[in-house]
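Descriptive analysis of the structure
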Amino acid sequence: MKLARKSINNLAQITSIRSLSSGIEKEKADCVVIGGGVVGIAIARELSLNLRRNVLVIESASTFGTGSSSRNSQVIHGGIYYPPNSLKASLCVRGRRLLYDYCKEHGIPHKQIGKLIVATRYEEVPKLNYLLNRGNENGVEGLKMMDASEAMAMEPQLQCLKALWSPSSGIIDSHSLMLSLLGEAESHGTTFCYNNTVVGAHLEGDQIYLHVSETESLKNRDHKSQHCPDILLLPKLVVNSAGLSSAALARCFRGINRGVIPPSYYARGCYFSLLNTKVPAFNHLIYPIPEDGGLGVHVTLDLDGQVKFGPDVEWLHHIDDTSSILNKFDYTVCADRAKKFYPEIRKYYPSLKDDSLQPGYAGIRSKISGPGEGFADFIIQGEECHGIPGLVNLFGIESPGLTSSMAIAAHVATKLSRSK
Ligand SMILES: Cc1cc2nc3c(=O)[nH]c(=O)nc-3n(C[C@H](O)[C@H](O)[C@H](O)COP(=O)(O)OP(=O)(O)OC[C@H]3O[C@@H](n4cnc5c(N)ncnc54)[C@H](O)[C@@H]3O)c2cc1C
Ligand SMILES: *[C@@H]1O[C@H](CO)[C@@H](O)[C@H](O)[C@H]1NC(C)=O
């Protein structure tokens, strides 16, 4: 059963402790989660449900989940690709199991349709063997190598030389997931505060002061002028789960050791959908061999069977920290990029017709390693890393962040469970 969402408080409407000492309103809080994406929502749920904390989620947009959490492939990943013992490997496998259980228990639309990773050139076959071994090491269930005829019998439109079958992969309606997690968080006392942006923070002793402004008042903000926040929040715990902006925001925390904050990189990924498909061209997820920065232009299916292709990788340059915090991201899909999609897709789907792709949507990957730099793990930093009690920073929560969300939340809760 879903609970009706409570009316949403606006920070400006909360009136309790006021202090005029610095001229800016101050507000005490137990626990503040910055960012209402799937990860922030899962953390808020976990902290309110299992640690019984009083949680306030601050989200700069006018509602939850408008960032990467609604701009992804909606794939529940097995956990194959990531180095053994990395956070990505362990939180993906654990998160996937938690997610399937949660979906079943709460009626979240999802399908465990399985996925084929395909080699289309002979040079790629050893890479499939490598992925098989890696997946096995990571504890991914049921992986199986298939020869071309077996894979092509499962997917008549597919052309490949060999394939790795991952039966635990699936698809999920991420919006329904977020709505359900959010409803549970709210029914355990979490308040979601939209239209408010955390613009920085400072420390007084061990106390964190978060600087918060109404997003609207920041719209015309001049990059260079000093901005005075509308309110200072004094929480016991802070979780920085600001997605694309989390590292940029951490760099605006006065008193934090900047040496522990990774650099920010942004890589846009566009999707194109397949026109006029009465019968879905595919019934399973089809992935090529991974490329630098992403998993390759792959086939994903919506829960209603609509086929889409993507995401490609386009590194975005010149996004400064202020633009990032103010959420100035460009999500337009340039129809021109389809030109690059056709040859990529035809490697495994040769009968793709000309002009059959139409622009879909775009998402931006929250990266902490740049082009050609290779693998970077999720970073989840507590006091042991930056020395500030009660603060957890999350950096580089790109794919498989949706799959891992509930395991990330449990991991953060463990870090904070000893806090006052
Ligand atoms: C193209 C693409 C495809 C992907 N495909 C998959 C997939 O198939 N499977 C999978 O498991 N994962 C996938 N991912 C990864 C997944 O989408 C992310 O890991 C996940 O959504 C991250 O959630 P989040 O809550 O950390 O970030 P977000 O959803 O971006 O949420 C962060 C929130 O913080 C808010 N915010 C930012 N700055 C501030 C501030 N200063 N103050 C207040 N609020 C702020 C933002 O408005 C936003 O709502 C994909 C990602 C991309 C980009
Ligand atoms: C947030 O701002 C939008 C306009 O930018 C407004 O329509 C909406 O009502 C606001 N939401 C809240 C909760 O104040």
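Each value, and the rule that gives it
- Residues numbered from 1 in each chain as written.
- Chains lettered and ligands numbered in written order.
- Predicted model: local features only at pLDDT ≥ 70, side-chain atom pairs only at ≥ 80, totals over all residues.
- Heavy atoms only, no water.
- Helix = DSSP H or I, 4+ residues; strand = E, 2+ residues; numbered from the N terminus.
- Rg over C-alpha atoms; globule rule 2.2 N^0.38 Å.
- Buried < 20%, exposed > 50% of the residue type's maximum accessible area, 1.4 Å probe, protein only.
- Areas by Shrake-Rupley, 256 points an atom, 1.4 Å probe, with all protein chains shown as cover.
- Lys, Arg positive; Asp, Glu negative; His and termini not counted.
- Charge placed at Lys NZ, Arg CZ, Asp CG, Glu CD.
- Axes fitted to C-alpha atoms, helices over the stretch in contact; angles between N-to-C directions.
- Parallel < 35°, antiparallel > 145°, perpendicular 65-115°, else oblique.
- Left-handed = near helix turned anticlockwise from the far one by under 90°.
- Contact = heavy atoms within 4.5 Å.
- Nonpolar A, V, L, I, M, F, W, Y, C, P; charged D, E, K, R; others polar.
- Pairing = 2+ DSSP bridges.
- Core = buried A, V, L, I, M, F, W, Y, C linked by side-chain atoms within 4.5 Å.
- Expected span 1.5 Å × (residues − 1).
- Near = heavy atom within 4 Å.
- Polar contact = N/O pair within 3.5 Å; in protein donor to acceptor, adjacent residues only side chain to side chain.

1. Describing the overall build of the chain
Secondary structure assignment for the chain yields eleven helices and 20 strands. Relative to a compact globule of 420 residues, whose C-alpha radius of gyration would be 22 Å, the chain shows 22 Å and is just as compact. Burial status across the chain gives 58% buried among its 420 residues. When the accessible surface of the chain is totalled, it reaches about 17,900 Å², and 50% of it is carbon and sulfur. Between the averaged position of the 44 positive side-chain charges in the chain and that of its 41 negative side-chain charges there is a distance of 1 Å.

2. Description of the packing of helix α1 (residues 38–49) against helix α5 (residues 174–187)
Contact pair α1 / α5: the axes reach a minimum separation of 8 Å and the direction vectors enclose 30 degrees. Taken as axis vectors, α1 and α5 run roughly parallel relative to one another. For α1 against α5, the interelement crossing comes out left-handed. Within the contact between the two elements, α1 uses V38, I41, A42, A44, R45, S48 and L49 and α5 uses L177, M178, L181, L182, E184 and A185. Of the residues in the contact of α1 with α5, the class split is ten nonpolar, one polar and two charged.

3. A few points about the pairing of strand β11 (residues 207–214)
For a regular strand, side chains alternate in direction, first toward one face of the sheet and then toward the other. Within β11, six of the eight residues are buried, which leaves the element mostly enclosed by the surrounding structure. The pairing of strand β10 (residues 196–204) with β11 spans eight bridges and is classified as antiparallel. Looking at the pairing, G200 lines up with H211 of β11. Linking β10 back to β11 in an antiparallel pair, the connection comprises two residues, with G205 at a positive phi of about 65 degrees. Pairing geometry for β11 and strand β12 (residues 231–240), over three bridges, is antiparallel. Paired with H211 across the two strands is L232, which belongs to β12.

4. Notes on the nonpolar core
Ranked by size, the top nonpolar core spans 51 residues in total, and within it F309 and Y348 carry the most contacts. Setting aside residues no more than four positions away along its own chain, Y348 makes contact with V118, T120, Q157, L158, Q159, I286, P288, V297, H298, V299 and F309. Membership of the second largest hydrophobic core comes to 43 residues, among which are L99, M178, I397 and A409.

5. So, α1
The end-to-end C-alpha distance of α1 is 16 Å, a good match for the 16 Å that twelve residues give at a rise of 1.5 Å each. Most of α1 sits inside the fold, with twelve of its twelve residues counted as buried. Of all the residues in α1, the buried ones are V38, V39, G40, I41, A42, I43, A44, R45, E46, L47, S48 and L49.

6. Topic: the site of ligand 1
Around ligand 1, the structure places 41 residues, and the nearest of them are E59, S69, V75, I397 and T403. In this structure, S68 approaches ligand 1 through a main-chain N or O atom, which is 3.2 Å from an oxygen atom. For ligand 1, an oxygen atom lies 3.4 Å from a polar atom in the backbone of G401. Burial of ligand 1 by the protein chains amounts to 97% of its free accessible area of 1,000 Å². Here the residues of the shell around ligand 1 sort into 15 nonpolar, 22 polar and four charged.

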